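Report on the structure
Read off the chains here:
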Amino acid sequence: MSPSKKTRSTASDWLGFAPFLLFCLAFEIVPILFLLRGSFIERSTQQFTLQNYIDLQRPIYVNSFINSIKISGLTAIIGVILGTFIGYAVYRWPSERVRQALISLSDVTTNFAGAPLAFAFVVILGLNGVITQFLLQYLDYELYPKFSIYSFSGLTLAYVYFQLPLMVLLILPAFAGIKKEWQESAQSLGAGTFQFWWRIGIPVLTPSLIAGLTLLFANAFGAYATAYTLVQAKLSLVTLQIGYMIAGEVRQNQAVGMAMAVLSLIIMGLSIWIYQAATRRARRWSKA
Amino acid sequence: MRALNKKVYPAGWQVATVGFFLFYMLVPIISTYVFSVATRWDRTILPEGYTLEFYKRAFEASYFTTTLRNSLVLSLATVLVSLLIIVPTVYWVHTRLGRAKPLLDILMILPFGIPTVVLALALVQVYNFAPLARSPFLLIGAVVVYSMPFMYRPVSNAIQAIDVHVLTEAGQSLGANVFQVLAKIIIPNILPGLLSGSLLVFATVFAEYTLTSLIVGARFKTFPLLLVEFTRINGNVAAAFSVISFTIAWLVSLLILWVGSKGQTEKVESIQAR
Amino acid sequence: MAYLELKNVNKSFGGVAAVHDFSLDIEKGSLVSFLGPSGCGKTTTLRMIAGFEQLDSGTILLDGNDIVPVPPNRRDIGMVFQAYALFPNMTVRENIAFGLRMKKTPKEDVEKRVDSVLDMVRLQDTGKRFPHQLSGGQQQRIALARALAVQPRVLLLDEPLSALDAEVRVVLRGEIRRIQSELAITTVYVTHDQEEALSISDKVVVMNKGLIEQVGTPEEIYRAPNTRFVATFIGTANQFPGQTSEKNKVICVNVELLTGSLKEFNAGQSVVVLVRPETIQVQVERPQQENCNIIPGVVETITFHGAVTRLGVNINGQRVVADITVANTQPVSLNQKLWLTFPPEACQVMAAEE
């Protein structure tokens, strides 16, 4: 990437990189390595063990993984599908001003995760929420108890809130990367609109869609504050379980928490890795 | 050039899609704003009356000023540390150590792959000794790592946008040393990037809940912690806190936009239709 | 009858006329260039032929049939764009085969056809590669091959060489001309580069502000420009504004010029005389010649251009440029007094515009 000359780096050049590297080692890498090590150690004897991972088969942990994967997968899929359509609507919007405003809105709202967002959803969809009341009084529809903002369904709605704008932001450059000339070339070669999207448009978008899906998945999988505020003990999620262990709220073996953390790191790492690979491919194509 | 002046209206499906998006994004926020000034709003479609009572109670809440101060201290300290370690490093890698660019990129993407709870668990496990154990200092280290990507991208883009090599060499040929080059030439030229990075980090850290509650908890209570606490005590006051939190986020975003329009950002062009 | 006919074509964008009353006949098998500055309407005209822009009024006939109502994907017109526009998700072969697939051509025929056009653009061994693995020049060759694979009735090229390096440009334009004449395919070539247009075309259409300025062979366009715009847009020309006087004489601000016949002008009419720099001879001594413009001047600038040296000469306050070849002149120095000579035939006289 570095543009000009091939620099022969010397020891003194690496010295300039050292402060940052030390910081990362201290607050990022070494702690993670300790975590990895700790997950393989039996507490009392300090011996190597796989017991912590075997313990993860207990229903409560298995459930939390299933729930986490389910909600991350579901909100990622919803986010990708809706976000792509919204992104295309925004991209084709004729007014530059409106387009910029919608992009800015996405920029802001994708960061509106956590407690304030969770609470905002309680305000509209809680037992006495605005929309709950509206449905009851005007459409005579009782939302509760089938739906609850404090449950899986509610959490899904709250997660989609920050997933949607993220997908819009991710997919916009992908649409911009579909050149008008491709469309026109395809047309002059005899292809109709459907054939263009089927054979060129969608294949060109695919890496970006995969990148979006994995990033959104990771985004939801690692989320904590929103879930903590909304569902608490009503729904078991990986991040919530780990959180309880740190806070000491549950008297569990901490090493099991580490094993859980390592497993979730693997899931996240895989997602991010696929995301990176897909993004690279998308970028390479947009250059052609 | 061509077809620019054509006046076209959005198609029906576009209006519907964008309308849905706006509804989803804005209704929770607007409702929270209204809720925070509503006397009672659980039996009717519109509130029964309006009051500023809950803001008064929010401002009077014990800890209100303390948590606000703590949040400010944490955010500003993080921005400062982040600037100090990231800016010189990015500059250095660009000018002297191109070989370290892949490593830098990996270190910067890593925080995205670490759930905040995992980071908290790892740090709490390793630094279980005084004076670091569960201290605000450990927290600052954690949030710097967590918010690193937000600082890195704008800074890296800004540095890529100017010809660092030529500017550095020009500065050096005129007798400046590395620090003088950085302070007098490079930093003024990448200021918009530094500013938007700093604002992004500030906003992120100001709203940070997970690391703060898990690493230090009640010992260093920040604003988001107070908010969560009140969601269980009094909904209306919690709404007032949420409004404060949203408003700060909007303001910072506006500032970022404003800074972005000052510095010639590349992003605007890349997302243009047709 | 011409193969491709444009009749009174009009197009405006937001009230601004982009193409105005454009009529043109293009012979079968010929290569016609649209040449003009950006914004002159040349690309818009091309896109109307392709079907990507709708006409406000007028008709376009291809082989006698009105193609205006035909959608672009049914027009059987090949197009090559400035930005290569290869499909990034397909290999070179898949790109070229795309149009044939759309036509549901049998598989063996597709393969044969792809091979033959790859052969034509001399890139036989790139078939399995992806566009991003090719250079700009190679990508443009493939784009040409893709457009030709379906054997279109007309080939349209929209500034196909603008994005390429100078050297590649020259080679590729030769290739385009070679392939075009081999296939005898009717071709419209849009460019803003006069050298490109003059070197490649059977006919050049010079356009400005949505209007046709002149249509002619490259030779005609260069030697006998119809308008001042054509004369100045193509090559370099010295301009002498003045009034016609007695026969074959124009009185300019700084000098009197002998010209060819002035029959088409009234006496005393405002005109502009254009003289190309390469038609001006430079002498140190006053030459003894009859019936020739002989004007004294002082050398102000000397610019070396390789084959020629361009002199900037001040004659009575007006700067005139003259090209001299290194071989047949004695060395010239700054501030030297010189005699410029050029025959009356070198003077192009045209009515001054308002």
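Residues numbered from 1 in each chain as written. Chains lettered and ligands numbered in written order. Predicted model: local features only at pLDDT ≥ 70, side-chain atom pairs only at ≥ 80, totals over all residues.

Some details on the interface of chain A and chain B
Listed as interface residues are 78 residues of chain A and, on the opposing side, 73 residues of chain B. Ranked by residues supplied to the side of chain A that touches chain B, first place goes to helix H1 (residues 11-38) of chain A with 16 residues. Taken together, the residues of the side of chain A that touches chain B sort by class into 51 nonpolar, 21 polar and six charged. (Contact = placed C-beta atoms within 7 Å. Helix = DSSP H or I, 4+ residues; strand = E, 2+ residues; numbered from the N terminus. Nonpolar A, V, L, I, M, F, W, Y, C, P; charged D, E, K, R; others polar.)

A word on the pairing of strand S10 (residues 211-216) of chain C
All names here are of chain C. The pairing of strand S9 (residues 203-208) with S10 spans five bridges and is classified as antiparallel. Looking across to S10, one finds that Val 206 is bridged to Gln 214. Between S9 and the antiparallel strand that follows it, S10, lie two residues; Lys 209 among them carries a positive phi value of about 50°. (Pairing = 2+ DSSP bridges.)

Notes on helix H3 (residues 107-120) of chain C
All names here are of chain C. The end-to-end C-alpha distance of H3 is 20 Å, a good match for the 20 Å that 14 residues give at a rise of 1.5 Å each. All of the buried residues along H3 are Val 110, Val 114, Val 117 and Leu 118. Buried residues of H3, viewed axially, fall in a sector of 105°; they line one side. For H3, the exposed residues set more than 90 degrees away from the buried face come down to Glu 108, Asp 109, Lys 112, Ser 116 and Asp 119. Where H3 is buried, its residues contact helix H2 (92-102) and helix H4 (136-149). At the C-terminal side of H3, Arg 122 shows a positive phi close to 60°. (Expected span 1.5 Å × (residues − 1). Buried ≥ 20, exposed ≤ 12 C-beta atoms within 10 Å, placed from the backbone. Arc of directions from axis to C-beta.)

As for the interface of chain C and chain A
Counting residues at the interface gives 21 residues for chain C and 19 residues for chain A. Mapped by element, the contributors of at least two residues to the side of chain C that touches chain A are strand S6 (77-80) and H2 of chain C.

Some words on the nonpolar core
Formed by 267 residues in total, the largest nonpolar core has its most connected members in Ala 120, Leu 123 and Ala 142 of chain B. Considering every element that reaches this core, the biggest residue donor is helix H6 (residues 136-161) of chain B, with 15 residues. Leave out the neighbours within four places in its chain, and Ala 142 of chain B touches Phe 27 of chain A together with Leu 119, Ala 120, Leu 123, Leu 211 and Ile 215 of chain B. (Core = buried A, V, L, I, M, F, W, Y, C linked by C-beta atoms within 7 Å.)

Some thoughts on the pairing of S9 of chain C
Examined bridge by bridge, strand S3 (residues 31-35) of chain C and S9 of chain C share four bridges and lie parallel to one another. Its bridge partner lying in S9 of chain C, Val 32 of chain C is registered against Lys 203 of chain C.

Some words on the domain arrangement of chain C
Residues and elements named next belong to chain C. What the domain assignment reports for chain C is domain 1 (4-232) and domain 2 (237-351). The gap between the C-alpha centroids of domain 1 and domain 2 is 39 Å. Each partner contributes residues to the interface: domain 1 has five residues there, and domain 2 has five residues. In terms of residue class, the side of domain 1 that touches domain 2 is made up of two nonpolar, two polar and one charged. (Domains from an automatic or database assignment.)

What about the sheet that holds strand S15 (residues 281-283) of chain C?
Residue and element names in this part refer to chain C. Overall, antiparallel pairing links the five strands, which are arranged S15-S19-S16-S17-S18 in an open sheet. Pairing within the sheet leaves two strands with one partner each, and these edge strands are S15 and strand S18 (318-325). Here the average twist between neighbouring strands, direction ignored, is 45°. As paired elements, strand S16 (residues 293-304) and strand S17 (residues 308-315) share six bridges and run antiparallel to each other. Its bridge partner being in S17, Ile 302 is matched across the sheet by Leu 311. (Axes fitted to C-alpha atoms, helices over the stretch in contact; angles between N-to-C directions.)

As for the environment of Glu 142 of chain A
Note on placement: Glu 142 of chain A falls in the loop between helix H6 (130-138) and helix H7 (152-177). It is 7.6 Å that separates the C-alpha atoms of Glu 142 of chain A and Thr 132 of chain A, two residues lying ten residues apart in sequence.

Considering the packing of helix H5 (residues 116-126) of chain B against H6 of chain B
All names here are of chain B. As a packed pair, H5 and H6 sit with axes 11 Å apart at the nearest point and diverge in direction by 145°. For the crossing formed where H5 meets H6, the hand is right-handed. Seen from H5, the contacting residues are Thr 116, Leu 119, Ala 120 and Leu 123; seen from H6, they are Leu 138, Ala 142, Val 145 and Tyr 146. Looking at the contact of H5 with H6, its residues break down into seven nonpolar, one polar and no charged. (Left-handed = near helix turned anticlockwise from the far one by under 90°.)

Side note on the domain arrangement of chain B
All names here are of chain B. By domain assignment, chain B separates into domain 1 (19-51) and domain 2 (65-270). Once you take the C-alpha centre of each, domain 1 and domain 2 turn out to be 33 Å apart. For the side of domain 1 that touches domain 2, the per-class residue count stands at three nonpolar, two polar and no charged.

Things to note about the sheet that holds strand S5 (residues 65-66) of chain C
All names here are of chain C. Sheet architecture is open: four strands sit in the order S2-S1-S4-S5, paired in antiparallel fashion. The open sheet is flanked by strand S2 (16-26) and S5, the only strands paired with a single partner. Where strand S1 (residues 4-13) and strand S4 (residues 57-62) come together, five bridges link them in antiparallel fashion. Looking at the pairing, Lys 7 lines up with Thr 59 of S4. Helix H1 (residues 42-50) rests against S1, S2 and S4 of the sheet, and its axis sits at about 65° to S2.

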